[in-house]
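This is what each chain is made of:
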Amino acid sequence: MIIGIPKEIKNNENRVGATPAGVKELVNNGHTVYVQATAGEGSGFSDAMYEAAGAKMLPTIEEVYAIAEMIIKVKEPIEPEYPLVRKGQLLFTYFHFASDYPLTEAMLKSGATCIAYETVRDRDGRLPLLVPMSEVAGRMSIQEGARFLEKPQGGRGILMGGVPGVKPAKVLVLGAGVVGRNAALMAAGLGADVTITDINLNTLRHLAEVMPKNVKTLYSSRHNIEQELPDTDLVIGSVLIPGAKTPHLITKDMLKLMRPGTVMVDVAIDQGGSFETSHATTHSDPIFVVDGIVHYAVANIPGAVPYTSTLALTNATLPYAVKLANKGWKEACKADKGLADGVNIVDGKVTFPGVAEAFNLPLHKLDL
């Protein structure tokens, strides 16, 4: 198969779809890999490293899309890429369709096959291609939250861990999935007073057993969240419904319960956001303020640490990319039902329930 790895063009997105080691594995399996020049530089991988791994280099993104049967990316195509995607082409990347109708419409019109990292499942029903970036995003959410709690950044001027004689910051983590657990661990490690919420009591019981003592669990309900907000300094929104739009756990009217300078980090912004007042931001302009509350809603948080992120992502995606290249997407999906769960759009038809539901589009059974 002819595989293309274009350079990411989303704002401050320095990750790349595969490391040189990943390219070498694909080449060793008999495939031809074209990499756009400088695609890996943001992650610390030079063109020479890709060439040594057996890749062929192309100077422009247009040439990569034109020649490739399968495109391996990190983030969803953005508007300048829409015309480059062609009928029958396979795209393997994060899509988050349910929160982006223009992208959904463009991919339907293209006639391409779109396999979304975020809905691929393993044998245990987990999301193996979402996990590594969720781990990074969860940890980064606390790093960024701590930064914007600083007064010069617009926050209340709170030190996460406090000091002897002064209480630490209070952190509220909404959702106890991979993002939430990693956020809670990072915040606890900094010495914060952490509360993590979820609607799954078994999950809360497990966390109560394994989390540090400065992490408390709380059943997630509007009432309980409202009770926590008045003395919370940092809120992390990390709720996920795989492939579907995220529910708003904090509404605009709830902002008045918080003190000015409180920070809210919306890790779920890719899927529509955990906060009603959220809209996607970028690393170059990461925050905005609503009713005195600082909102951080960068849509590609792991892109800030691309070396770590690219290595972690390739570790997870490469085995699936090899299956797709070796067998073709239909045979690979026949052999792996979890991979078939990743198929969101095929030849102008929506095949994933969460996407169809989000935009009231017809849902078609995946035909393998």
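Residues numbered from 1 in each chain as written. Predicted model: local features only at pLDDT ≥ 70, side-chain atom pairs only at ≥ 80, totals over all residues. Heavy atoms only, no water.

1. What to know about the packing of aromatic side chains
And step 1. Throughout the structure, instances matching the rule amount to 6 aromatic pairs.
And step 2. Measuring from ring centre to ring centre gives 4.7 Å for Phe-92 and Tyr-117, while their planes differ by 90°; the resulting arrangement is edge-to-face. One end of the pair, Phe-92, is in strand S5 (residues 90-93); the other, Tyr-117, is in the loop between strand S6 (113-116) and helix H5 (131-148), and 25 residues separate them in sequence. In this structure, Phe-92 and Tyr-117 share a single accessibility class: buried.
And step 3. Taken together, a centroid distance of 4.8 Å and an interplanar angle of 85° make the contact between Tyr-94 and Tyr-117 edge-to-face. With Tyr-94 in the loop between S5 and helix H4 (101-110) and Tyr-117 in the loop between S6 and H5, the pair connects residues that are 23 residues apart, well separated along the chain. Comparing Tyr-94 with Tyr-117, the two get one shared label, buried.
And step 4. Aromatic rings pair up to connect Phe-92, Tyr-94 and Tyr-117 into one cluster. (Phe/Tyr/Trp six-rings, centres within 6.5 Å; stacked < 30°, edge-to-face > 60°. Helix = DSSP H or I, 4+ residues; strand = E, 2+ residues; numbered from the N terminus. Buried < 20%, exposed > 50% of the residue type's maximum accessible area, 1.4 Å probe, protein only.)

2. Digging into the layout of surface pockets
And step 1. Here the largest pocket defines a volume of roughly 1100 Å³.
And step 2. What lines the largest pocket is a set of 45 residues, among which Gly-177, Val-178, Ser-238, Val-239 and Leu-240 lie closest to the centre.
And step 3. For the lining of the largest pocket, the elements supplying multiple residues, two or more each, are H5, helix H6 (178-189) and helix H7 (201-210).
And step 4. For the lining of the largest pocket, the per-class residue count stands at 22 nonpolar, 15 polar and 8 charged. (1 Å grid on protein atoms, 1.4 Å probe; cavity = no way out; pocket = protein on both sides within 12 Å on 5 of 7 lines; lining within 4 Å. Points joined across faces, edges and corners; volume = space filled by probe spheres on them. Nonpolar A, V, L, I, M, F, W, Y, C, P; charged D, E, K, R; others polar.)

3. Focus on helix H9 (residues 306-327)
And step 1. Here H9 contains 22 residues, and its C-alpha end-to-end distance of 30 Å stays within 8% of the 32 Å for a straight helix at 1.5 Å per residue.
And step 2. Downstream of H9 by one or two residues, Gly-328 has phi in the positive range, about 85°. (Expected span 1.5 Å × (residues − 1).)

4. Side note on the pattern of salt bridges
And step 1. Per the counting criterion, the structure on display carries 21 salt bridges.
And step 2. A salt bridge links Asp-253 to Arg-222; the shortest N-O distance between them is 2.9 Å. Of this pair, Asp-253 sits in the loop between strand S10 (234-237) and strand S11 (263-266) while Arg-222 sits in helix H8 (residues 222-228), and the two are 31 residues apart along the sequence.
And step 3. Through salt bridges that share partners, Lys-10, Lys-75, Glu-76 and Asp-270 make up one connected network. (Salt bridge = Lys/Arg side-chain N within 4 Å of Asp/Glu carboxyl O.)

5. Re the sheet that holds strand S2 (residues 32-36)
And step 1. One open sheet accounts for 8 strands, arranged S3-S2-S1-S4-S5-S6-S14-S15; its pairing is mixed. Two strands in the sheet have a free side with no partner beyond their single neighbour: strand S3 (56-58) and strand S15 (349-350).
And step 2. Here 4 bridges tie S5 to S6, and the two strands are oriented parallel to one another. The residue of S6 that forms the bridge with Leu-90 is Thr-113.
And step 3. Contacts from H4 reach S5, S6, strand S14 (343-346) and S15 within the one sheet, and its direction differs from that of S14 by about 55°.
And step 4. Packing of H9 onto the sheet brings it into contact with strand S1 (2-5), strand S4 (70-72), S5 and S6, and relative to S5 it is tilted by some 170°. (Pairing = 2+ DSSP bridges. Contact = heavy atoms within 4.5 Å. Axes fitted to C-alpha atoms, helices over the stretch in contact; angles between N-to-C directions.)

6. With respect to the packing of H5 against H6
And step 1. At their nearest, the axes of H5 and H6 sit 7 Å apart, and the two run at 35° to each other. Note that H5 runs across H6; the crossing there is right-handed. Contact with H5, carried on its side by Val-131, Ser-134, Glu-135, Gly-138, Arg-139, Ser-141 and Ile-142, involves Val-178, Val-179, Asn-182, Ala-183, Met-186 and Ala-187 of H6 and no other residues of that element.
And step 2. For the contact of H5 with H6, a count of residues per class yields 7 nonpolar, 4 polar and 2 charged. (Left-handed = near helix turned anticlockwise from the far one by under 90°.)

7. Quick look at the sheet that holds S11
In sheet architecture, strand pairing relies on hydrogen bonds along the backbone and comes in two forms, parallel and antiparallel.
And step 1. What the 7 strands build is an open sheet, ordered S9-S8-S7-S10-S11-S13-S12; its pairing is mixed. Both outer strands of the open sheet, strand S9 (215-219) and strand S12 (287-290), are each paired with one neighbouring strand and no more. Pairwise comparison of adjacent strand axes, ignoring direction, gives a mean angle of 20° for this sheet.
And step 2. Two strands pair when backbone bridges link them, and S10 and S11 are joined in this way by 4 bridges, in the parallel orientation. Looking at the pairing, Val-235 lines up with Met-264 of S11.
And step 3. Helix-sheet contacts for H6 involve strand S7 (170-174), strand S8 (193-198), S9 and S10, and the interaxial angle to S8 is about 170°.
And step 4. Along the sheet, H7 contacts S8 and S9; its crossing angle with S9, the most-contacted strand, is approximately 165°.

8. Comments concerning the side chain of Thr-251
And step 1. Following the sequence through the fold, Thr-251 ends up in the loop between S10 and S11.
And step 2. Among the polar contacts listed, one links the side chain of Thr-251 to the side chain of Asp-253, at a separation of 2.4 Å.
And step 3. Excluding anything up to four places from it in sequence, Thr-251 contacts Arg-222 and Glu-276. (Polar contact = N/O pair within 3.5 Å; in protein donor to acceptor, adjacent residues only side chain to side chain.)

9. Quick look at the packing of helix H1 (residues 20-28) against H9
And step 1. Where H1 meets H9, the closest approach of the two axes is 10 Å, and the angle between their N-to-C directions is 20°. On the basis of their axis angle, the class for H1 and H9 is roughly parallel. The interaxial crossing formed by H1 with H9 has right-handed handedness. Across the interface between the two elements, Gly-22, Glu-25 and Leu-26 of H1 pack against Thr-314, Leu-318, Ala-321, Val-322 and Ala-325 of H9.
And step 2. Taken together, the residues of the contact of H1 with H9 break down into 5 nonpolar, 2 polar and 1 charged. (Parallel < 35°, antiparallel > 145°, perpendicular 65-115°, else oblique.)

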